[in-house]
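Spelled out, the chains give:
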Amino acid sequence: MKKLINDPNDVVPESVEGFVQAHADIVVAGADPELPYIARAGGAVAGKVGLVSGGGSGHEPLHGGFVGVGMLDAAVPGPVFTSPTPDPILAATQAADGGAGVLHIVKNYTGDVLNFETAAELADAEDIPVKAIVVNDDVAVEDSLYTAGRRGVGGTVLLEKIAGASAERGDDLDTVLAVATRVNDNVRSMGVALSACIVPHAGKPSFDLPEDEIEIGIGIHGEPGRRRIKAAPADEITDLLLDPIIEDLGLGSGEDALLFVNGMGGTPSSELYIVYRHARARLEALGVNVTRSLVGNYITSLEMQGASITVLRLDEESTALWDAPVHTAALRWGI
Amino acid sequence: MKKLINDPNDVVPESVEGFVQAHADIVVAGADPELPYIARAGGAVAGKVGLVSGGGSGHEPLHGGFVGVGMLDAAVPGPVFTSPTPDPILAATQAADGGAGVLHIVKNYTGDVLNFETAAELADAEDIPVKAIVVNDDVAVEDSLYTAGRRGVGGTVLLEKIAGASAERGDDLDTVLAVATRVNDNVRSMGVALSACIVPHAGKPSFDLPEDEIEIGIGIHGEPGRRRIKAAPADEITDLLLDPIIEDLGLGSGEDALLFVNGMGGTPSSELYIVYRHARARLEALGVNVTRSLVGNYITSLEMQGASITVLRLDEESTALWDAPVHTAALRWGI
Amino acid sequence: MTGVGIDWALDWVRRSAAVVAERREDLIDLDRLIGDGDHGENLHRGYSAVLGKLDAAEPATVGDVLKLVATTLMSTVGGAAGPLYGTAFLRGAKVADAAEIDAAGVAAVLAAGLEGVVARGKAEVGDKTMVDAWSPAAAAAQQVADRGGSAPEALRAAADAARAGAESTDPLVARKGRASYLGERAIGHRDPGAESSALLLEAAAAAAGS
Amino acid sequence: MTGVGIDWALDWVRRSAAVVAERREDLIDLDRLIGDGDHGENLHRGYSAVLGKLDAAEPATVGDVLKLVATTLMSTVGGAAGPLYGTAFLRGAKVADAAEIDAAGVAAVLAAGLEGVVARGKAEVGDKTMVDAWSPAAAAAQQVADRGGSAPEALRAAADAARAGAESTDPLVARKGRASYLGERAIGHRDPGAESSALLLEAAAAAAGS
Ligand SMILES: Nc1ncnc2c1ncn2[C@@H]1O[C@H](COP(=O)(O)OP(=O)(O)O)[C@@H](O)[C@H]1O
Ligand SMILES: Nc1ncnc2c1ncn2[C@@H]1O[C@H](COP(=O)(O)OP(=O)(O)O)[C@@H](O)[C@H]1O
Ligand SMILES: [Mg+2]
Ligand SMILES: [Mg+2]
Ligand SMILES: [Mg+2]
Ligand SMILES: [Mg+2]
């Protein structure tokens, strides 16, 4: 394992420390190092619904990179790939509370759901109204009683931006939740890994992948995917990811969509644009208008090579909320 | 070799095509596919000095990702790691010419220098005044008659931003060149590779690195570094990169600096912030004020794992020019 | 002895911490194969924290010890296992409000723990989770209590049943937790949480000298 | 025959393209070791383009063929080798303004080519660049011309000298081009541009049947 780290135990705290220093105009760290979170510089905005997300680390810039005006109020970084415990989530919730309640944005993993649930109960006991949206956009997982349900992946980024804009314009908690729910209902993703990642404290690749095989349907935790296939040209791989998305979303001619090609951390952006190019051509061939785009490393699995495709059906409101100004470390425009 | 590509020959054109589609609000592709370049959407700005850069591909987002308001007017993507020929550079120069002359920003590699030289001669023959700044900030290379001179690496990004702001505010060609020269004189960089990269048409790693060794003093073309050492903690590696930078720059107490930690393409941003944290602490211990920061993948070597550190001595003017609004695919603020 | 007391509970914690430290990597490896490779690290972080709190603790009941374990795991482990183990020990603590518990007490603790895991995680036996270890363990302890056995006997029976339960997860497809994303590819691999549950219950039996 | 003409020049181009295609990977490998791994790809792209233009060309002089090579390499190869080879062939073309050239003509072409490379790249013999192949090649051709030999003889002498010159780069530290970044680590590796220069000049000799 070769990484630019010191002690594996210090990866998250040191990285968060550097992050907060580099972006001191945008973010601030929670005061108690035992309860780590990243919050907006300047504190909670009075009267605004607070947005809190979090989860295991290793997906940077998610979520800390999305804290700032127009997006999240606080993010809770757990250990690498491990959901944070309820205490820091509670602390972040308190920091994000501007008196209008807090929305928890939770990716659908058992650990995240359970820990955010407990934190919400604790917040409730302190009279902070909390609602939660559980993001589950990964079409690689069957959405049935026989699984833990679909994972929350790339759609989370888009949801945090759009719900963030809703909160920023002054919507109340129910409205922000409704906006978030609408995003979750209209977004689907699927990913591919060309290589595994190495969790620092594990020190070994998360799975062993022969030189000529790739994993289709991976999540963001280095877990193996649904199936392994022979390496193939980018256009073919793009089809394998996009087909289930289009089908599941029931996307049709004349609709508007945001196309998000996300890198898993170790893939150069040039390759992401090659995937984007074909995915866009496919959508346009269906009569779908790709009116907004996002390409880059936004929700990653450490240094994993690979990509995910996310498609969000857009309407006028979600488009406007997407376009609204945002000022975070990882997404910024209009400010 | 596992990559999200189709035919190795199509990597650059397909990637550029996707890039231009995804950022159609910012950039446009040159009309002739035989003379590929990326230019600002809307064309040359009348009366403004045009900024053109370029070089081999594989360093994305450099340079195409820096085309837009406040930065470059055009970028010329050569084949992977191969300087473009004079013809597309000339075409880009013509596209960038708003009547106030054009500055070529050239990274110091024999190929880039020679091809930009020829393009400048050709442009001169068409009465476009061209000046060139050759960026050479890599302290890993001895700057002597016995080498091709220092390479242009991370400093290029900062120079393009600052010279871009100078041109944008209406400075004439000589002034923009002077601003660029001042940046080049005050910026130093050094890089480390934890793994090699694979050039698509080569199909093999650019060098073989044992599991427990790293390359210190690499450039951005997958070339081996100055020396190989045993893998070490991030803080130690940071020292190895930073010491020669500080010394060469003669940076001292009370000075302001921009600290730029750049990822080589395959390293997660969490690791870059660990490097940033220690580099910043080192600079602060010297009494240097780190007043501006940049952390991320901005000048890369395909999927190489590793990082480079760049330090730019700042003065009031360069700080103001750094802060000026910029709207490109890879750097954006204030707009 | 027919009952187990506070000393047993403290010894259980120490033995748990030891076995988790010793088997940290194995648990990571199990979780790498069908999960995300953190289970051993998570439990190790949690039990190290519990150990650190043990000396200052002044437990008056077995439940006090279990509650300390519960709240510490809850606030240090994270992931799925943190809330699940945390809830299990919290519920177990509630029914162990005595300086010593007998076989029926052991069975009650395990039944309450199981109930807690199921309440939070909604898994059933056969879903390839820690429930597959806890459920037979609770049943086995109850049997020993029913036939008038001792607490150490109940713990031993529970440990053996948990061990068998953990092994029973090998051929299963998972229907809860991360391994459920893998479908058929989870077959042939042991559930890491079931394995750690067996290790913890074996530590409980060892602490009781059985 | 004592001179070489347009057919020779055309055959040289075809043989050059063939050898570059055949040795593409070897040249890439040399450049991977002490450069950036593109030299074989660059020349292959360039000579493929030259080939594509050959049929439509109607050269009246040897120089016309060399000029076609020059401009095509200049506009398709890129990198360091593109301008260097481009300038070499351009300067060579200027002094080959005839339907046939003799040994002195060959020597003049090579001298002009060398001069072009040096004018652009500022390298000297011993800097571990293509100059280490071109320089002895030009000198060898001149010797043949001086003693009244034929053009094919001059080309063969040039090819042999270029080959030896390329080999002479193996033990050197580089002082120009990318390999100069490596310092001592370049020792033991052949300069890719010197190697390709030897291959091209060997193709020239072969085209002259020598
Ligand atoms: N819904 C559930 N019910 C019971 N146990 C579960 C459930 N989900 C996960 N588990 C248990 O948790 C274990 C994984 O724990 P751990 O790796 O620490 O957390 P995470 O899955 O969040 O990384 C699984 O092996 C399984 O035994
Ligand atoms: N200054 C120079 N003078 C002469 N030849 C040079 C010089 N710099 C580089 N070369 C030659 O160019 C070759 C490299 O060509 P190539 O790999 O195509 O370009 P690049 O170095 O830009 O990738 C070197 O092997 C060397 O022979
Ligand atoms: Mg986990
Ligand atoms: Mg090159
Ligand atoms: Mg796990
Ligand atoms: Mg090269």
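Each value, and the rule that gives it
Residues numbered from 1 in each chain as written. Chains lettered and ligands numbered in written order. Predicted model: local features only at pLDDT ≥ 70, side-chain atom pairs only at ≥ 80, totals over all residues. Heavy atoms only, no water. Patch = residues over 30% accessible without salt bridge, like charges linked within 9 Å, V, L, I, M, F, W, Y side chains within 5 Å. Areas by Shrake-Rupley, 256 points an atom, 1.4 Å probe, with all protein chains shown as cover. Salt bridge = Lys/Arg side-chain N within 4 Å of Asp/Glu carboxyl O. Lys, Arg positive; Asp, Glu negative; His and termini not counted. Charge placed at Lys NZ, Arg CZ, Asp CG, Glu CD. Helix = DSSP H or I, 4+ residues; strand = E, 2+ residues; numbered from the N terminus. Buried < 20%, exposed > 50% of the residue type's maximum accessible area, 1.4 Å probe, protein only. Pairing = 2+ DSSP bridges. Axes fitted to C-alpha atoms, helices over the stretch in contact; angles between N-to-C directions. Contact = heavy atoms within 4.5 Å. Buried area = accessible area lost by both parts, 1.4 Å probe. Polar contact = N/O pair within 3.5 Å; in protein donor to acceptor, adjacent residues only side chain to side chain. Nonpolar A, V, L, I, M, F, W, Y, C, P; charged D, E, K, R; others polar. Donors = N, O, S within 2.8 Å, 3.2 Å for Na, K, Ca; no water. Least-squares fit on C-alpha atoms with pLDDT ≥ 70 in both. Near = heavy atom within 4 Å.

A. Molecular detail of a negative patch on the surface. All names here are of chain A. A cluster of like negative charges, contributed by Glu 121, Asp 124, Glu 126 and Asp 127, occupies part of the molecular surface. By the secondary structure assignment, Glu 121 is in helix H3 (residues 110–125). A residue is classified by how much of its surface remains accessible, and Glu 121, at 57% relative accessible area, is exposed.

B. Representation of the sheet that holds strand E1 (residues 27–29) of chain A in the model. Residue and element names in this part refer to chain A. The six strands lie next to each other as E1-E2-E4-E3-E5-E6, forming an open sheet whose pairing is mixed. Since the sheet does not close on itself, it has two edges, and those belong to E1 and strand E6 (130–135), each with one partner. Along the sheet, successive strands turn relative to each other by an average axial angle of 25°, direction set aside. Lying on the sheet, helix H2 (residues 86–96) is in contact with strand E3 (50–57), strand E4 (74–80), strand E5 (102–107) and E6; it crosses E4 at an angle near 165°.

C. Structural view of the interface of chain A and chain B. Facing the 54 residues of chain A at the interface are 52 residues of chain B. Interface area, chain A with chain B, both sides summed: about 4400 Å², of which 56% is carbon and sulfur. Seen at the junction of chain A and chain B, the total is four salt bridges. Linking Arg277(B) and Glu14(A) is a salt bridge whose minimum nitrogen-to-oxygen distance equals 3.8 Å. Put simply, chain A and chain B have 24 residue pairs in polar contact (both at pLDDT 80 or more) between them. At the level of secondary structure, the elements contributing two or more residues to the side of chain A that touches chain B comprise helix H1 (11–22), strand E8 (213–216), helix H6 (234–249), helix H7 (269–285), strand E11 (289–296), strand E12 (306–314) and strand E14 (332–333) of chain A. Broken down by element, the residue count for the side of chain A that touches chain B peaks at nine residues, all from H7(A). Here the residues of the side of chain A that touches chain B sort into 26 nonpolar, 15 polar and 13 charged.

D. Molecular detail of the coordination of the magnesium ion (ligand 5). Residue and element names in this part refer to chain C. Coordination sphere of the magnesium ion (ligand 5), protein contribution only: Asp 31 (OD), Asp 36 (OD) and Asp 38 (OD), at 2.0 to 2.1 Å. Sequence spacing among the residues donating to the magnesium ion (ligand 5) works out to D-x4-D-x1-D. Between the magnesium ion (ligand 5) and the magnesium ion (ligand 3), both coordinated by Asp 36, there is a metal-metal distance of 3.5 Å. For the pair formed by Asp 31 and Asp 36, the shared burial category is buried.

E. Molecular detail of the coordination of the magnesium ion (ligand 4). The coordination sphere of the magnesium ion (ligand 4) contains the protein donors Phe81(B) (O), Asp36(D) (OD) and Asp38(D) (OD), at a distance range of 2.0 to 2.3 Å. A separation of 3.5 Å is found between the magnesium ion (ligand 4) and the magnesium ion (ligand 6), both of which receive a donor from Asp36(D). Taken together, the residues span two chains, with Phe81(B) in the loop between strand E4 (74–80) and helix H2 (86–96) and Asp38(D) in the loop between helix H1 (6–34) and helix H2 (39–54). Accessibility assignment for this pair places Phe81(B) and Asp38(D) in one class, buried.

F. Quick look at the relation of the copies chain A and chain B. Superposition of chain A onto chain B requires a rotation of 180° combined with a translation of 0.0 Å along the rotation axis, giving an RMSD of 0.0 Å. Look at the turn and shift together and you get a two-fold axis relating the two. Across chain A, the rotation axis passes nearest the C-alpha of Gly266(A), at a separation of 1.9 Å. Of all interface residues in chain A, 96% are interface residues in chain B too; the two copies therefore contact each other through one and the same surface.

G. Representation of the site of ligand 1 within the structure. Close to ligand 1 lie 22 residues; Asp36(C), His39(C), Gly121(C), Asp191(C) and Gly193(C) are nearest. One finds residues of chains A and C in close proximity to ligand 1. Here an oxygen atom of ligand 1 sits 3.0 Å away from a polar atom, N or O, in the main chain of Met130(C). Isolated, ligand 1 exposes 570 Å² of accessible area, and the fraction of that covered by the protein chains is 96%. Every element with two or more residues in the shell around ligand 1 is listed here: helix H3 (39–54), helix H5 (81–94), helix H6 (103–121) and helix H9 (192–207) of chain C. Of the residues forming the shell around ligand 1, the biggest block, three residues, is contributed by H9(C). Classifying every residue of the shell around ligand 1 by side-chain character gives eight nonpolar, eight polar and six charged.

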